[in-house]
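Okay, here's what each chain looks like letter by letter:
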Amino acid sequence: MVVVVAVGQPLTLWWRTSRAKGSFPHCKRDSIRLRVRPARSVLVEAEARAAPTLRVRDVDDGSVKVQIYQGGDRTDDLQAEARAMARSANASVYSPQLLVGKYGSRPVKVIRRTLKILIALGSFGLKLLVDQRNGVLNQNKRLRAAELRRIFTRLGPTFVKLGQGLSTRPDVCPPEYLEELSELQDALPTFPDTEAFSCIERELELPLDSVFSSISPSPIAAASLGQVYKAQLKYSGQVVAVKVQRPGIEEAIGLDFYLIRGLGFFINKYVDVITTDVVALIDEFARRVYQELNYVQEGQNARRFKKLYADKEEVLVPDIFWDYTSGKVLTMEWVDGVKLNEQDAIERQGLKVLDLVNTGIQCSLRQLLEYGYFHADPHPGNLLATPEGKLAFLDFGMMSETPEEARFAIIGHVVHMVNRDYEAMARDYYALDFLSPDVDVSPIVPALRDFFDDALNSTVSELNFKTLVDGLGAVLYQYPFNVPAYYALILRSLTVLEGLALYADPNFKVLAASYPYFAKRLLTDPNPYLRDALIELLFKDGKFRWNRLENLLIQGKKDRDFSAKDALQPVLKLLLGSDGEELRTLVIKEAVRVTEAFIWGTVIDTYNSMPNFMRALVVNGNATGPLVMSIAEQESMIELRDQVFRIWGLLRSSESFDPALLQPILQVLQQPEARNLGGRVIGGITQRLAARLLQQVLRVPTTASASTL
């Protein structure tokens, strides 16, 4: 049983009774007034493993206090988390109105910071203007992008974060800037260790030596918002990572976002080249950065991520130590490992970079398309290869979510890309929330066709993902697209993983590694949108494309979670549903064609296996052989029959295949709709065979040269 409760401290019920102390067990029902003390609002989940215990005690003011406890470590963990939340009660939340109120009355501070930013960015803008007048704007894009990266680093944490955010926005930045800004690192100067240790003691309200038996004298890593120490817990000896927030960071980023937001209003009003709502982007990004300032929220993000994705043995997410965590201090399990971009060090441990990258790709696809909750800061420093060969995810300050509708639309978009249905691809941008409903997509279709017809000369699985993202980014940059943050971030994640893999194997293709997941979802997910996408992929011009099904099964089987049972039953339900008449008509037609291929294929094989003298008797002097059928048609029938055999073999060879899975199918086939379908198939086969036989009987001998079967 799963219990979902809102808590912020141990759940406590109070009964106030008019009776004397100690008389609670005997008090009458109408003499009790119930008062539930409000808890802090945090949603937690607890698994009930044992019956709860009640502890009842009298209180001096005549109340009776009843505490409900659920046994087990999970309860202790939830209570520790609630205490951590209490310590983070005053964590800042992004509010444009509050920033206006705070900095609108501090003109000197605002002017000083504004001048510093204007001097840095103004000189950069002046260089762009000179480049434009000299006609070298495009030639110098790479040079200017590198300069902008250095400027952002000098301007401090807010601009480092801003640069990283811009590196995921193909609708805002040209490709050269995307590349340079994606290399932006959080390599800022460290702050004094004495300040860090004082922060730990102040936040946890405990002396440092009562919490840790040892702690590194200097940080082992520094980032834009904080720095990390390696320590050992005193009570357990557990090695942990302790992240401490940079002093004054809230003040610094608050002032910067106040100024940047003002600039966003200016851009929206006067810069026509940028069609995206810049203020909305800044607000969304600022909210994420402020969330990153609350380390308790980061701990909760890590816990949720672990629950969703660490069920795979190749993925590791560190545990959080809530008793030593607050809004500005985060204590989590120490993970030994090597950054994923340090290929030589990984290989020295006997590990393969490509195996780890594949794990990252599969996890990223699950994040984007399965649960919709994903890591929003996926640079190589946040991915570690452990000595055991696991891929460890770190830093859960910035997370994002993919809307459910968009998850299915993305898979449908891949299907439309495979089918080269550019009109449908353009319409997908409505569902993906790339375009507002009032935007006409017809001018976008030629741009998509020009790019993808060239890019898809090879198969989709052989397409380089970065080429695809850059090309699509160029299209987005030219038209009024507003790319949602979730989509831009996951594209960046997959691009980073592909870049890491290319160092190990220049021929690696992230789309090829992603194919098994897409194939499995298309074959097994019962969602109506994906069922329609599968039908769209498999049927064309009223004809079933068996080669597509065979390829999907080959690719789907590469995914360890593929199930033959899951692949069969959703299609049957769709086929026999009330709105499946159009599909039933196509299936009947294909069933007749397949049955004919089996029958005549067997006839052809039988004839070909006969001795020559028996063939002569069967032909009876007819030079065209026993069938009025061209060689091409005979070969087509044999190929179709063999392809169906291969597909059946793929299903049977699935690890999850069990003949018992056919039992529910037989039960479904006994339903009235299925019996009607079977009758229509048999009727179609009978008509087709009768027509073929009549054709054989009434055929006119020809003088054409003898043909062999």
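Residues numbered from 1 in each chain as written. Predicted model: local features only at pLDDT ≥ 70, side-chain atom pairs only at ≥ 80, totals over all residues. Heavy atoms only, no water.

A.B. asks: I'd like a description of the overall build of the protein, backed by residues and values.
C.D. replies: On a plain count of helices and strands, the protein comes out with 27 helices and 19 strands. Scored against the burial criterion, the 709 residues of the protein give a buried share of 49%. Summarising the internal contacts of the protein: among those between residues at least 6 apart in sequence, 71% fall at separations of at least 24. (Helix = DSSP H or I, 4+ residues; strand = E, 2+ residues; numbered from the N terminus. Buried < 20%, exposed > 50% of the residue type's maximum accessible area, 1.4 Å probe, protein only. Contact = heavy atoms within 4.5 Å.)

A.B. asks: How would you sum up the packing of aromatic side chains? Please name residues and give values.
C.D. replies: Tallied over the full model, the rule gives 14 aromatic pairs. Taking the centre distance of 6.2 Å and the plane angle of 65° together, the rings of F257 and F285 count as edge-to-face. Here F285 lies in helix α10 (residues 278-293) and F257 lies in helix α9 (residues 249-270), a separation of 28 residues in the sequence. One exposure class covers both F257 and F285, and it is buried. (Phe/Tyr/Trp six-rings, centres within 6.5 Å; stacked < 30°, edge-to-face > 60°.)

A.B. asks: Give a detailed account of a nonpolar patch on the surface, specifying residues and quantitative values.
C.D. replies: Together, I111, L115 and I119 make up an exposed nonpolar region whose accessible area comes to about 320 Å². Checked against the element boundaries, I111 lands in helix α3 (residues 107-133). (Patch = residues over 30% accessible without salt bridge, like charges linked within 9 Å, V, L, I, M, F, W, Y side chains within 5 Å. Areas by Shrake-Rupley, 256 points an atom, 1.4 Å probe, with all protein chains shown as cover. Salt bridge = Lys/Arg side-chain N within 4 Å of Asp/Glu carboxyl O.)

A.B. asks: So, the sheet that holds strand β11 (residues 315-316): which residues are in play, and what are the values?
C.D. replies: Pairing in this open sheet of 4 strands is mixed, and the strands run β11-β16-β15-β13 from one edge to the other. Looking at strand neighbours, the two that pair on one side only are β11 and β13 (338-339), the edges of this open sheet. Here β11 pairs with strand β16 (residues 391-393) via 2 bridges, running parallel. Residue pairing in the sheet places L316 in a bridge with A392 of β16. Lying on the sheet, helix α13 (residues 353-371) is in contact with β11, β15 (383-385) and β16; it crosses β16 at an angle near 45°. (Pairing = 2+ DSSP bridges. Axes fitted to C-alpha atoms, helices over the stretch in contact; angles between N-to-C directions.)

A.B. asks: Provide a residue-level description of the pattern of salt bridges, including the pertinent values.
C.D. replies: Scanning the model with the defined rule gives 21 salt bridges in all. Put simply, D323 and R83 hold a salt bridge, and the shortest N to O gap is 3.0 Å. Residue D323 is found in the loop between β11 and β12 (329-333), and its partner R83 is found in helix α1 (residues 73-87); the two are separated by 240 residues along the sequence. Here D311 makes a salt bridge to R366, at a shortest N to O gap of 3.2 Å. Here the residue D311 occupies a position in the loop between α11 (295-309) and β11, and R366 occupies one in helix α13, the gap between them amounting to 55 residues. For D311, a relative accessible area of 49% puts it in the partly exposed group. Ionic contacts of the salt-bridge type, sharing partners, join the residues K102, R106, K109 and E251 into one network.

A.B. asks: Can you break down the packing of α3 against α9 residue by residue, with the values?
C.D. replies: One can describe the packing of α3 onto α9 by two numbers: an axis separation of 11 Å at closest approach and a directional angle of 75°. When the axis of α3 is compared with that of α9, the two are roughly perpendicular. Side by side, α3 and α9 meet where K109, V110, R113, T114 and I117 of the first sit next to E251, L255, D256, Y258 and L259 of the second. Split by residue class, the contact of α3 with α9 holds 5 nonpolar, 1 polar and 4 charged. (Parallel < 35°, antiparallel > 145°, perpendicular 65-115°, else oblique. Nonpolar A, V, L, I, M, F, W, Y, C, P; charged D, E, K, R; others polar.)

A.B. asks: Pulling in residues and values, what's your account of the packing of helix α2 (residues 96-103) against α9?
C.D. replies: At a closest axis distance of 10 Å, the pairing of α2 and α9 adopts a crossing angle of 100°. Considering the angle they form, α2 stands roughly perpendicular to α9. Contacts between α2 and α9 involve P96, L99, V100, K102 and Y103 from the former and E250, E251, G254, L255, F257, Y258 and R261 from the latter. Grouping the amino acids of the contact of α2 with α9 by side-chain chemistry returns 7 nonpolar, 1 polar and 4 charged.

A.B. asks: Mind laying out helix α20 (residues 528-538), listing which residues take part and the relevant values?
C.D. replies: L530, R531, A533, L534, L537 and L538 are the residues of α20 that are buried. All buried residues of α20 lie within an arc of 160° about the axis, which places them on one face of the element. (Arc of directions from axis to C-beta.)

A.B. asks: Quick one: what's the story with the confidence of the model for the protein, residue by residue and with numbers?
C.D. replies: Note: predicted coordinates in regions of low pLDDT should not be interpreted at a detailed level. For the protein, per-residue confidence averages 75 on the pLDDT scale, and 70% of positions sit at 70 or higher. Confidence drops under a pLDDT of 50 for residues 1-72, and excluding neighbours within four residues, the segment shows 128 contacts in the predicted structure. Counted against residues more than four places away or in other chains, residues 700-709, with its pLDDT under 50, gives 13 contacts. (pLDDT = per-residue confidence, 0-100.)

A.B. asks: Before we move on, can you summarise the nonpolar core with the specific residues and values?
C.D. replies: Judged by nonpolar contacts, the single largest core of 145 residues is most densely connected at F257, F305, L340, I361, Y429, L448 and F452. Of all the elements, helix α18 (residues 485-504) adds the most residues to this core, at 10 residues. Excluding anything up to four places from it in sequence, I361 contacts L494, L497, F508, V510, A513 and S514. (Core = buried A, V, L, I, M, F, W, Y, C linked by side-chain atoms within 4.5 Å.)

A.B. asks: Tell me about the side chain of Q300, and please be specific about residues and values.
C.D. replies: Here Q300 lies in helix α11. Classification of Q300 by relative accessible area gives buried; the value is 10%. A polar contact is formed between the side chain of Q300 and the side chain of E81, at a distance of 2.9 Å. (Polar contact = N/O pair within 3.5 Å; in protein donor to acceptor, adjacent residues only side chain to side chain.)

A.B. asks: Got a sec to walk through helix α21 (residues 546-556)? Specific residues and values, please.
C.D. replies: Where burial is concerned, most of α21 is hidden: 8 out of the 11 residues are buried. Within α21, burial applies to W546, R548, L549, E550, L552, L553, Q555 and G556.

A.B. asks: Residues and numbers for unusual backbone geometry, please.
C.D. replies: At E205, a position not held by glycine, the phi torsion is positive, near 60°. When you line up the elements, E205 lands in the loop between α7 (193-204) and α8 (208-211). The exposed category is assigned to E205, whose relative accessible area is 68%. A positive phi angle, near 55°, is found at R420, a position not held by glycine.

A.B. asks: Before we move on, can you summarise the environment of Q343 with the specific residues and values?
C.D. replies: Here Q343 is to be found in helix α12 (residues 343-348). When near neighbours in sequence (up to four residues on either side) are disregarded, Q343 contacts V353, Y503 and A504.

A.B. asks: Explain the environment of R150 to me, and be specific about the residues and the numbers.
C.D. replies: Positionally, R150 belongs in helix α4 (residues 141-155). Look at R150 and you get partly exposed, because its relative accessible area is 40%. For R150 and L184, which are 34 residues apart along the polypeptide, the C-alpha to C-alpha distance reads 8.4 Å.

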